[in-house]
Structures are given as structure tokens and as C-alpha cells.
Amino acid sequence: MIRKVLIVHNEYQKHGGEDSVVVQEENALKRAGYEVQLFTVSNKAISSFADKVQAAFSAFNSPRIIKSIVDVAREFRPDVAHVHNFFPMISPMIHAALQENGIPTVQTLHNYRVICAGATLNRNGAPCEICITKSPYNAVLHRCYRGSLLGSLAVAYSVQQHKSRGTWSNDVDRFIVLTEFERSRFIAAGLPAERIKTKPNGLADPDPGVGAVQRHGLLFVGRLTHEKGVDVLVRAAQMAGCPIKVLGEGPLQPLVEGCAEIEYLGQCEPSVVRTAMAEAAAMIVPSVWYEGLPMVIVEAFASGTPVIASRIGSLIEIIEDGVTGIHTEPGDAADLARAMTRLASDPAAARRMGKAARLKYEQNWSEALTTSHLLSIYEEAVASYARKQIVVEGSQPSELALT
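Residues numbered from 1 in each chain as written. Predicted model: local features only at pLDDT ≥ 70, side-chain atom pairs only at ≥ 80, totals over all residues. Heavy atoms only, no water.

Re the domain arrangement of the chain
Then, number 1: Partitioning the chain into domains gives domain 1 (4-108 + 166-202 + 367-394) and domain 2 (216-363).
Then, number 2: Here the C-alpha centre of domain 2 lies 30 Å away from the C-alpha centre of domain 1.
Then, number 3: Taken together, the contacts link 13 residues of domain 1 with 14 residues of domain 2.
Then, number 4: Carbon and sulfur atoms make up 64% of the area that domain 1 and domain 2 hide from each other, which totals about 1000 Å².
Then, number 5: Taken as a group, Lys14, Thr179 and Phe181 account for 42% of the area that domain 1 buries against domain 2, more than any other trio of residues on that side.
Then, number 6: Where domain 1 meets domain 2, there are zero salt bridges.
Then, number 7: Counting the contacts that link domain 1 with domain 2 gives three residue pairs in polar contact (both at pLDDT 80 or more).
Then, number 8: For the side of domain 1 that touches domain 2, the elements supplying multiple residues, two or more each, are helix H1 (17-31) and helix H9 (180-188).
Then, number 9: The residue inventory of the side of domain 1 that touches domain 2, partitioned by class, reads five nonpolar, five polar and three charged. (Domains from an automatic or database assignment. Contact = heavy atoms within 4.5 Å. Buried area = accessible area lost by both parts, 1.4 Å probe. Salt bridge = Lys/Arg side-chain N within 4 Å of Asp/Glu carboxyl O. Polar contact = N/O pair within 3.5 Å; in protein donor to acceptor, adjacent residues only side chain to side chain. Helix = DSSP H or I, 4+ residues; strand = E, 2+ residues; numbered from the N terminus. Nonpolar A, V, L, I, M, F, W, Y, C, P; charged D, E, K, R; others polar.)

Section: the sheet that holds strand E9 (residues 218-221)
Then, number 1: An order of E11-E10-E9-E12-E13-E14 is seen for the six strands of this open sheet, with the pairing classed as parallel. What marks the edges here is a single partner per strand, and that holds for strand E11 (262-266) and strand E14 (325-328). In this sheet, neighbouring strand axes are inclined to one another by 25 degrees on average, regardless of whether the strands run parallel or antiparallel.
Then, number 2: Summarising the sheet, strand E10 (residues 244-247) and E11 pair through four bridges and their orientation is parallel. (Pairing = 2+ DSSP bridges. Axes fitted to C-alpha atoms, helices over the stretch in contact; angles between N-to-C directions.)

Topic: the side chain of Arg185
Then, number 1: Locating Arg185 in the fold gives a position in helix H9.
Then, number 2: Accessibility expressed as a relative area gives 18% for Arg185, which makes it buried.
Then, number 3: Here Arg185 is in contact with Tyr112, Ile115, Leu121, Glu129 and Ile132, once residues within four sequence places are set aside. (Buried < 20%, exposed > 50% of the residue type's maximum accessible area, 1.4 Å probe, protein only.)

Regarding the environment of Gly147
Then, number 1: Looking at the element boundaries, Gly147 is found in the loop between helix H6 (138-142) and helix H7 (149-165).
Then, number 2: Taking the C-alpha atoms as reference points, Gly147 and Pro347, separated by 200 residues in sequence, lie 44 Å from one another.

Given below as C-alpha cells:
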């Protein structure tokens, strides 16, 4: 029976959705009565370009940090270890090290890093799946990692080496993906289908509840980048003339600040984000890359706020067109402007879609449901690891084995 869980996570420089999911799952497990140990490292120390390239070259294996995690595991003695982001400071080798210490492992695939050097399956503003079935070294040709030749070579090397050594086929007991679309991409790339489980992210208690009855304006929350469709959003705002609040920061901030139709609020506290969602007529997710399950959509649905989203990847699966929101063509500012105008000018339709969005949240994404699902995946991982040990019974234990 599972009672203790070790969570491992490489935090991002800017707090984002993955970081929020880690905190949410840690607290949800504790509220459910489980003992949790969280081990984190942070990318905040990676500042210069040289730091980034050096980090990329250490992405294949990070023995010093892995030893620190193993030391924590020896003391804590978890029943299962759950790895979230491992890049670039931890590396996928953490799975082999923990398994050698008798600990089953689970890996959440928040992005496509294990099969794509750029992690997004996106290039030049459009989906790119070359590396799913072909060599990851295509990333070097296109400089997919931060536009760097050396960095792309380092990350592509890590992707290829872990595929070759069988990290994903041998060292991970269960994978978690957020949508069926994501699952299909990882299966196409060769990850073991029977071990990949679909589990959406939940939303931390307390439930924010349905927002205001009278809504006004539109809202974007997220990183201000091209893959998030922020440049498309700015063009659509200028076409539609609808008031839009934008919360977040990123390289396209000057573009956002220069748009008269946008009220730019910058990076905001969670309480400010929740209030903005509760008041908005609709949330906008104009991404041009394969999103997973953005937490802003979960939060919007919980608030009874419909979502205007690009017709691409997992977003097609998450948003039901005309029911919980509206689909638009990715990268098409005119189509996005039409959808924005439609919901901004039709409060009744927005309320109807908002009610359906709230119902989907209650049926799929509440904390109780997602935590129960997570625990069932942990149980599967433990059972899978036990079966594997029966097969290899009689082999010599690792020198790192738990005492």
C-alpha cells in the first residue's frame, strides 16, 4: 500500500504551469493523508547564454544532483517516486538511479522534451513532427534549442542516447500524459503504449466557484511568446476592437504594451488571476503549438468561463467547439477576431458555454477525481516494478541499493 511519495522537479526560471501542477499535486496528496517529500532544483541560476549551453550539455546525466536525490530517497524510503520536469539539471538518468535503489518511478510528460530538443514539436510557428520518427539530430540543422547550434546538438544527443539506452522503455514504470492527443504522439515516437496513462491536471482546493453573472471583456493569461500566439492575439485585438486584459510576461511584452486595445497588467499574483477569470466573458488561448492541458483552461472552466482556443493538438480535445468555447484556426488573426467579437457581443452564448465549461470541470478536473486517478497510477507503477523484479530475480544488487 502506498503511503509515501517522493516528488522530483526541476523548477523553471519563471514560475509556470508545470511548477503550479507540482505544488497542487503535493498539497493534494498531503490533504489525502499521504506523506510527501519534495526535491527541487531551480533554473534561476542559469542566466547567461554560456550557462544555458552548459546546462544543455549536462542534460544527459547529472550525477551530482542525482546522488543528492538518492540520498534523500535512502532517508525518506518512498513507495514511489514521481518525476516532473527533469531538464536540464536532473536528467532522465534519475529513473535508473531510483530503480536501482528499489523505488518504482513515474514520469509526467508535461511537454515533448523526451522526443523533441525544442520540447514543443513546433518550428517556425507551425507544428513539426520530424523527430517523432526520424533522427533527433534534425534539431541541430534547425537549431531547435534556443536557436543555438551547440545547445541543439547537446539536447539532441541526450534525446538520442536515452532512446538508445532504453531509459523510456526500461526505467520508467508509468508515464502520465494530460490528453489522448499527447499520448498518440508519444506512442508514435516509440514509448511503450501500455505504460502511458492519461490523467488531466487538477485544480487545487479551494474550488474558486463560478464567477460573476455579469461578465465583461476578454482575457489572456500566459507567457508572452510566439508559440502562445501572442502576436496573433495582438493583431486580432486590433481587428476586433474588443477590450482585452493580458496577464503574464515574456519576450513579446513590448508588442503587447504597444497595442491600444490591450490592458497589460504584467505578471500577477494567483488571486488577481482568479478575479480576472471570474469577471471575463471568455479566456483566449491562441497557441500555435501542441499545448498539453494548460492550467489556465482548467482555472477558466472552474470559474465558468468559456475558452476561445486554436484548433490544434490537444486543444481540439479539451475545448468542445460551440459548447465549452470556440475553436479558431491557429495563426489566423481574422478568425480569432471573429470569435472574440462573437462572445464579447453575445453574453447569453458566453454564459451558456460557461455553464458547460463548469460542468466539464466538475466531471473531470476536481481535486478529488484527479488525486484518485493519480493514486491508481502509482499503484500500477508499484505493481509493474514488482513484476519486473521477479523477472530479474537473482541479479546482483546495485552498489547504490538501499540498506
